[in-house]
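Residue-level structure breakdown
So the chains spell out like this:
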Amino acid sequence: MFGYTGKRLIIDLTEHTYKVENIEESLLLSSIGGRGLNSVTLFNRLKPQTEPLSPESILLFGIGPLTGTCLPASARFTVSGKSPLTGILGDGNAGGHWASELKFAGFDQISISGKSNKWIYLFIFNGKVEFRNAEYLKGKDIFETTTLIRKELKDNSIQISAIGPASENLVKFGSISCNLTRIAARTGMGTIMGSKKLKAIALKGDIPVKIKHPDKFLKLSQLLDKKIESHPEFGRRKKMGTTMLISQLNKIGILPTNHFQNGINDYSDKISGETLSEKFNVKNKACFNCNLPCSRYFFTGEVEGEGPEYETLCGFTSRIGQKDLHFALKMNDYVNRMGLDSITLTEIIGWAMECIQKGILSFSDFDNLNLVWGNKKAIFELTRKIVYREGVGDILAEGVKKASEYFGKDSEKLALHVKGLEIICGDPRGIKGYGLTYAISSRGADHLRAEPFFELTCNKKEAKKRFGYEEAADRLEETGKPELVNYTEKIALLCDSITMCKNIGLCMDILDIQACAELLNYGTGLNFNPSKLYETAEHIINIEREFNLREGLKPEEDTLPERFIKEPLKNGKSAGHTVNIKKMVDRYYEIKGWKK
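The sections below set out a description of the structure shown in this document. All values reported here derive from a predicted model rather than from experimental measurement.

Criteria and cut-off values
- Residues numbered from 1 in each chain as written.
- Predicted model: local features only at pLDDT ≥ 70, side-chain atom pairs only at ≥ 80, totals over all residues.
- Heavy atoms only, no water.
- Helix = DSSP H or I, 4+ residues; strand = E, 2+ residues; numbered from the N terminus.
- Rg over C-alpha atoms; globule rule 2.2 N^0.38 Å.
- Buried < 20%, exposed > 50% of the residue type's maximum accessible area, 1.4 Å probe, protein only.
- Contact = heavy atoms within 4.5 Å.
- Areas by Shrake-Rupley, 256 points an atom, 1.4 Å probe, with all protein chains shown as cover.
- Core = buried A, V, L, I, M, F, W, Y, C linked by side-chain atoms within 4.5 Å.
- Polar contact = N/O pair within 3.5 Å; in protein donor to acceptor, adjacent residues only side chain to side chain.
- Axes fitted to C-alpha atoms, helices over the stretch in contact; angles between N-to-C directions.
- Parallel < 35°, antiparallel > 145°, perpendicular 65-115°, else oblique.
- Left-handed = near helix turned anticlockwise from the far one by under 90°.
- Nonpolar A, V, L, I, M, F, W, Y, C, P; charged D, E, K, R; others polar.
- Phe/Tyr/Trp six-rings, centres within 6.5 Å; stacked < 30°, edge-to-face > 60°.
- Lys NZ or Arg CZ within 6 Å of the ring centre and 35° of its normal.
- Pairing = 2+ DSSP bridges.
- Salt bridge = Lys/Arg side-chain N within 4 Å of Asp/Glu carboxyl O.
- Arc of directions from axis to C-beta.
- Patch = residues over 30% accessible without salt bridge, like charges linked within 9 Å, V, L, I, M, F, W, Y side chains within 5 Å.
- Lys, Arg positive; Asp, Glu negative; His and termini not counted.
- Charge placed at Lys NZ, Arg CZ, Asp CG, Glu CD.

**A word on the overall build of the chain**
A tally of regular secondary structure across the chain gives 25 helices and 17 strands. A compact globule built from 596 residues should have a C-alpha radius of gyration of about 25 Å, and the chain, at 22 Å, falls within 12% of that. In terms of overall dimensions, the chain has C-alpha extents of about 60 × 60 × 50 Å along its principal axes. Burial statistics for the chain: of 596 residues in total, 63% are counted as buried. If you take every contact in the chain between residues at least 6 apart in sequence, the share linking residues at least 24 apart comes to 68%. Within the structure as shown, the chain displays about 21100 Å² of accessible surface, and the carbon and sulfur contribution to it stands at 50%.

Given below as structure tokens:
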């Protein structure tokens, strides 16, 4: 085949056996690859109501038909399963070099089921699989695990995805990391690996990727290269990556502060991407074949590492009232090593602090930790307890929804999640389209299912042309946002499926339906025409919806936490705003043809 390998690797961890399946061309046309192929496969092959951490549960790693090619920013993979955190569709996505190595090793998808009787890791090389002992890696962090596997295999170029102690201990929001800090963090896919006693997957391959029309594909890829490099945000993204959002969001009044009680603070300059860049960043790093090296390597004299991205930086600073950038970098390093989703973790910390602030719960409920805003010692100790499920950490390891239900006393009202997935660091009261995205996302309170960046452009003329409403370009308006989200969620799906970084393909407005169809046609030789591709993206989104309904999701769960609906922001450029989420969801359902 061209682009695709056309191969799926089936792993049975109970029996320590594997087989290789051919993937039908018709399935590839109807699912594209990556997230699309994973979601369709999960829907078709996972028995309804399967417990996420049972041996029968399936974990899928998927890449796209253009992964490993010269297409810029196409180095991501999606890992999917039924989430142990939410009980519905779960997936995570990460960049780096692991995805391209999977293509070179001979596969478009890995499907893993069963449970090993001892800790193992997989070594996959040019279509062959070895089940290797990993008992000596138990308890090791992700950095140690990566180093030791490369030492055992005597090859530092081996690409490794691994889990840390958090996933070994079945913390429900455990992550999977490759290249040490490229992290598929959301929804607990690392926890599924932990339940199966699978410590890591190591890859090596040299199988070439064949392109059907190499000259045309190269020409279009080079055109996209130039489009990326000439983008007005290229320099800022290269310098700061997503951390540039700290100062930007504070300016418009939606930087979560003290657990979303405020949208601005007076110390954002101390924790900003600009300050991080000036004080601690020493070099840039890029994923495989990306011409925008937006990741940054930092060195403080005490700790060094890659990142952090915006969510982790905001999570360990303003979200929990913490003003020390140096400490935030230390926590970034710690959660990367332990393997935790920093969004879920910092929501739990912020929730606990606000519950104590308002007298709903007390220090004694949290093992007498002094959980006041910004207390660094308490923040670290609570995180450590969660990793090892010690004391109250055993309760908090279940996520904020279940923790708040356990404690009760109205603490549930302060738990900021949708469908059990904790909300990101962007206050929807000042970005209404994102609020709709959080509400309708197939994996919970998530921006990456749609990324309706266009509402921040203020380009009313273009908004009218694309979505039918000038208001779609106004972040404080609700009109036009269902139309906007309906479009951008398809581009997000296509990015996840071919696979391309959404920070570039979507947020920088590099990829559209026409360009995606041409890339797929030139790369694979299959007939992906634009109108059909649009329908295919809609089909996959509907399959994800059907999966969730099958697993027990109720339409009324497509909403936002009460705070964002009833409590207006008090200060800044978004002051006075709440979200009329019902209005937007009703219109979105109407566009989709979904039943309430």
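**Topic: the nonpolar core**
In terms of nonpolar packing, the biggest core is built from 132 residues, with Trp351, Phe366, Leu371, Ile386, Leu396, Ile498 and Ile504 touching the most fellow members. Setting aside residues up to four positions removed in sequence, Trp351 forms contacts with His259, Leu361, Phe366, Leu396, Val400, Ala403, Ser404, Phe407, Ser411, Leu414 and Ala415. Leu9, Ile11, Ala99 and Ile120 belong to the second-largest nonpolar core, a separate cluster that totals 42 residues.

**What to know about the side chain of Glu354**
Relative to the assigned elements, Glu354 resides in helix α14 (residues 342–357). Engagement of the side chain of Glu354 in a polar contact is seen with the side chain of Lys358, the distance being 2.8 Å. When residues no more than four places from it in sequence are discounted, the contact partners of Glu354 are His259, Gln261, Trp373, Leu414 and Arg563.

**Notes on the packing of helix α20 (residues 481–498) against helix α22 (residues 513–524)**
In the contact formed by α20 and α22, the axes pass within 11 Å of each other and the chain directions differ by 20°. As far as their axial angle goes, α22 and α20 are roughly parallel. You can see that α20 and α22 cross each other, and the crossing is left-handed. Of α22, the residues touching α20 (which contributes Ile491, Leu494 and Ile498) are Ile513, Cys516 and Leu520. In the contact of α20 with α22, the residues fall into 6 nonpolar, no polar and no charged.

**Section: the packing of aromatic side chains**
Applying the stated criterion across every chain, the model contains 16 aromatic pairs. Ring plane angle 55° and centroid distance 5.8 Å describe the contact between Phe467 and Tyr487, whose orientation is recorded as tilted. Within this pair, whereas Phe467 is found in helix α19 (residues 460–467), its partner Tyr487 is found in helix α20, the two being separated by 20 residues in sequence. Positioned above the aromatic ring of Phe43 is the side chain of Arg550, whose terminal nitrogen or guanidinium carbon lies 5.0 Å from the ring centre.

**Side note on the sheet that holds strand β2 (residues 17–22)**
Read across the sheet, 6 strands follow the order β2-β1-β6-β3-β4-β5 without closing on themselves; strand pairing throughout is mixed. A single partner strand is all that each edge strand has here, and the edge strands are β2 and β5 (89–94). Sheet twist, expressed as the mean angle between neighbouring strand axes with direction ignored, is 15°. Across 6 bridges, the pairing between strand β1 (residues 7–12) and β2 is antiparallel. Within β2, the residue paired with Ile10 across the bridge is Lys19. Lying on the sheet, helix α2 (residues 34–45) is in contact with β1, β2, β3 (59–62), β4 (77–82), β5 and β6 (109–113); it crosses β4 at an angle near 20°.

**Overview of the packing of α2 against helix α23 (residues 530–550)**
Look at α2 against α23: their axes get within 9 Å of each other, and the N-to-C directions meet at 35°. Both α2 and α23 take part in a crossing whose hand is left-handed. Note on element contacts: α23 touches α2 through Ile540, Ile543, Glu544, Glu546, Phe547 and Arg550, opposite Arg35, Gly36, Ser39, Val40, Leu42 and Phe43. Here the contact of α2 with α23 is built from residues that sort into 6 nonpolar, 2 polar and 4 charged.

**Let's talk about the pattern of salt bridges**
Tallied over the entire structure, the rule returns 50 salt bridges. Between Asp91 and Arg443 there is a salt bridge, with the nearest N and O atoms lying 3.1 Å from each other. Residue Asp91 is found in strand β5, and its partner Arg443 is found in the loop between α18 (432–440) and α19; the two are separated by 352 residues along the sequence. Summarising the burial analysis for this pair, Asp91 and Arg443 share the class buried. We note a salt bridge from Arg182 to Glu306, for which the minimum N-O separation is 2.5 Å. Of the two residues, Arg182 is situated in strand β11 (residues 182–184) and Glu306 in strand β15 (residues 304–306); the sequence distance between them amounts to 124 residues. No difference in accessibility class separates Arg182 from Glu306, as the two residues are buried. Connected through shared salt-bridge partners, Arg35, Asp91, Arg443, Asp446, Arg449, Asp496, Lys502 and Glu544 make up one network.

**Some details on helix α17 (residues 400–407)**
Within the span of α17, buried status applies to Val400, Ala403, Ser404 and Phe407. Angularly, the buried residues of α17 cover 95° about the axis, an arc narrow enough to put them on a single face. In this structure, the buried residues of α17 make contact with α14, α16 (393–396), β16 (417–418) and β17 (421–422).

**Some details on a positive patch on the surface**
A surface patch of positive charge is lined by Arg236, Lys239, Lys251 and Lys573. Residue classification places Lys239 among the partly exposed residues on the basis of a relative accessible area of 41%.

**Notes on unusual backbone geometry**
The peptide bond linking Gly307 to Pro308 adopts the cis configuration, its omega dihedral lying at -10°. For Pro308, the position within the fold is in the loop between β15 and α12 (310–315). Omega for the peptide link from Ile498 to Thr499 comes to -15°, which places this bond in the cis form. Mapped onto the elements of the fold, Thr499 is located in the loop between α20 and α21 (502–505). Phi at Gln49 is positive, roughly 70°, even though this residue is not glycine. Counting through the fold element by element, Gln49 comes out in the loop between α2 and β3. Taking relative accessible area as the criterion, Gln49 reaches 47% and is therefore assigned partly exposed. A positive phi angle, close to 75°, is found at Thr187, a residue other than glycine.

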